[in-house]
Amino acid sequence: MFLEKKKAHLAVITGCVFYSMNGLFISRIHDMAISPVIFYRLFFGLLFLSIYIVARGKTSDLRLKKKKGSLFLQGVLVVTCMLLYFTCLKITCVSIAILLQYTAPIYVMLASPFLLNEKIGKESIAALFIAITGVFLIVRPEGGLSGIELSGTYMLGMIAGLLSGVVFAALIMNVKVLKAEYPELAIVFWPMGIAFLLLSPFAFEVSPAVLYSNLKVLAAFGIVSIGFGEIFTILGLANLKAQTGSLLSLIEPVSGVFFDIAVLGIALSSETLAGCALIMGSAVIISLNDSEKLPEK
């Protein structure tokens, strides 16, 4: 069933809030490399999704139809986006990784008119520039853009970050392609299952003792980010223009900032506050001026 636009907007924002808790969980996981963390996050998330689908009597939603290749592609995109993002994170820093991945709305806005036949409105262009400026103010590198190196290994990290933004954009647009054939639960479940299988070799990179000591945090991580986060995000993205959904996804770094303040006690600078205000303002512009007309089922 198609959601009303306001509900779809709210679904994307809610999903991004759940996703923004990732840093809180990562900070509480010890003695584990990032690859097995991602694997067990997927494991517990898929377990939660399976229980939810069975309890709701929605198993028929998982029936495979056409566009199986697009489903498989979505799973590959999920894994690729994770690996590129964390490669950038390891080589550069958190701020650069976030800043480059959230260039995705630029690519969506450039590609969606050709791939999805979506029109670019003046409001979308204005909201894009406002939001990207806000992201930069929130996560700006130390020393600004002049502090970014442009050679050697650092450049490899920059390229990985830019590619993670491109892949993230492709992931958002592919949701719209899949929505024509599959309900939202299938768009969530099958790509995550494919990503789980692709990352399964990393399951054995952690000892049983270390896994047991992190089990509660990993379980909560999977349920919150994959269970709630993925369901709400896909529910919203599937029922909005790709441009609108990609711009609303920029709420995630804003939520992350406030979770850092509330839970981790990190101080809030005036630049960060200004960046948050700009992103929230861009979300308001998109919500008020989105002219998309969703078809009735």
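Anything mentioned here points back to the structure above.
Residues numbered from 1 in each chain as written. Predicted model: local features only at pLDDT ≥ 70, side-chain atom pairs only at ≥ 80, totals over all residues. Heavy atoms only, no water.

Draft legend 1. Representation of the overall build of the protein. Along the backbone of the protein there are 14 helices and zero strands. Walking the protein from its N terminus toward its C terminus, one meets helices and strands in the order α-α-α-α-α-α-α-α-α-α-α-α-α-α. Among the 297 residues that make up the protein, the fraction classed as buried is 50%. A separation of at least 24 residues holds for 89% of the contacts in the protein among residues at least 6 apart in sequence. Within the structure as shown, the protein displays about 14,300 Å² of accessible surface, and the carbon and sulfur contribution to it stands at 69%. (Helix = DSSP H or I, 4+ residues; strand = E, 2+ residues; numbered from the N terminus. Buried < 20%, exposed > 50% of the residue type's maximum accessible area, 1.4 Å probe, protein only. Contact = heavy atoms within 4.5 Å. Areas by Shrake-Rupley, 256 points an atom, 1.4 Å probe, with all protein chains shown as cover.)

Draft legend 2. Here's a closer look at the packing of aromatic side chains. In the structure shown here, the tally under the stated rule is eight aromatic pairs. Between Phe18 and Phe228 the ring centres are 5.4 Å apart and the planes differ by 25°, which places this aromatic pair in the stacked class. In this pair, Phe18 sits in helix H1 (residues 5-19) while Phe228 sits in helix H11 (residues 215-237), placing the two residues 210 residues apart along the sequence. Taking the relative accessible area as the measure of exposure, Phe228 reaches 33% and is therefore partly exposed. Between Phe48 and Phe228 the ring centres are 5.2 Å apart and the planes differ by 50°, which places this aromatic pair in the tilted class. Here Phe48 is found in helix H3 (residues 34-55), whereas its partner Phe228 is found in helix H11, with 180 residues between them in sequence. Residue Phe48 is classed as partly exposed on the basis of its relative accessible area of 22%. Following the ring pairs from residue to residue traces out a cluster consisting of Phe39, Tyr40, Phe43, Phe44 and Phe196. Taking the ring centre of Phe221 as reference, the NZ or CZ of Arg41 above it sits at 5.4 Å. (Phe/Tyr/Trp six-rings, centres within 6.5 Å; stacked < 30°, edge-to-face > 60°. Lys NZ or Arg CZ within 6 Å of the ring centre and 35° of its normal.)

Draft legend 3. Molecular detail of the packing of helix H9 (residues 184-198) against H11. Following both chains from N to C, one finds H9 and H11 inclined at 130°, their axes separated by 9 Å at the closest point. In this view, H9 runs oblique relative to H11, as classed from their interaxial angle. For the pair H9 and H11, the crossing hand works out as right-handed. Contacts from Glu184, Ile187, Val188 and Met192 in H9 reach Ile226, Glu230, Ile231, Ile234 and Leu235 in H11. Across the contact of H9 with H11, the residue classes break down as seven nonpolar, no polar and two charged. (Axes fitted to C-alpha atoms, helices over the stretch in contact; angles between N-to-C directions. Parallel < 35°, antiparallel > 145°, perpendicular 65-115°, else oblique. Left-handed = near helix turned anticlockwise from the far one by under 90°. Nonpolar A, V, L, I, M, F, W, Y, C, P; charged D, E, K, R; others polar.)

Draft legend 4. Representation of the packing of helix H4 (residues 68-91) against H9 within the structure. The contact between H4 and H9 brings their axes to 8 Å, and the two run at 60°. On the basis of their axis angle, the class for H4 and H9 is oblique. Note that H4 runs across H9; the crossing there is right-handed. Every residue of H9 that contacts H4 at Leu71, Phe72, Gln74, Gly75, Val76, Val78 and Val79 is listed here: Ala186, Trp190, Pro191, Met192, Ile194, Ala195 and Leu198. Class assignment of the residues belonging to the contact of H4 with H9 gives a composition of 12 nonpolar, two polar and no charged.

Draft legend 5. Main features of the nonpolar core. Core analysis: the largest hydrophobic core is formed by 81 residues, its most contacted members being Met32, Tyr40, Leu42, Leu49, Leu218 and Leu250. Take this core: its biggest share by element is 11 residues, from helix H8 (residues 152-179). Ignoring any residue separated from it by four or fewer positions in sequence, one finds Leu49 in contact with Val188, Phe189, Ile226, Gly227 and Ile231. (Core = buried A, V, L, I, M, F, W, Y, C linked by side-chain atoms within 4.5 Å.)

Draft legend 6. Region of interest: unusual backbone geometry. One non-glycine residue with positive phi stands out, namely Asp31, at about 60°. Here Asp31 is to be found in the loop between helix H2 (22-26) and H3. Notably, Lys67 is not glycine yet its phi reads approximately 60°, a positive angle.

Draft legend 7. Examining the pattern of salt bridges more closely. Counted according to the given criterion, the structure contains one salt bridge. The salt bridge partner of Glu184 is Lys179, with a shortest N-O separation of 3.1 Å. You can call Lys179 buried: its relative accessible area is 16%. (Salt bridge = Lys/Arg side-chain N within 4 Å of Asp/Glu carboxyl O.)

Draft legend 8. Structural detail: the environment of Tyr107. Following the sequence through the fold, Tyr107 ends up in helix H6 (residues 104-115). Setting aside residues no more than four positions away along its own chain, Tyr107 makes contact with Leu162, Gly165, Val166 and Ala169.

Draft legend 9. Highlighting H6. Here H6 has its buried residues at Ala104, Pro105, Val108, Met109, Ala111 and Ser112. Just past H6, the residue Asn117 takes up positive phi, approximately 60°.

Draft legend 10. Inspection of the environment of Glu184 at higher detail. Positionally, Glu184 belongs in helix H9. Note on Glu184: relative accessible area 12%, which makes it buried. Each C-alpha atom of the pair Glu184 and Asn239 lies 9.4 Å from the other, and the pair is 55 residues apart in sequence. A polar atom in the side chain of Glu184 sits 3.1 Å from the side chain of Lys179. (Polar contact = N/O pair within 3.5 Å; in protein donor to acceptor, adjacent residues only side chain to side chain.)

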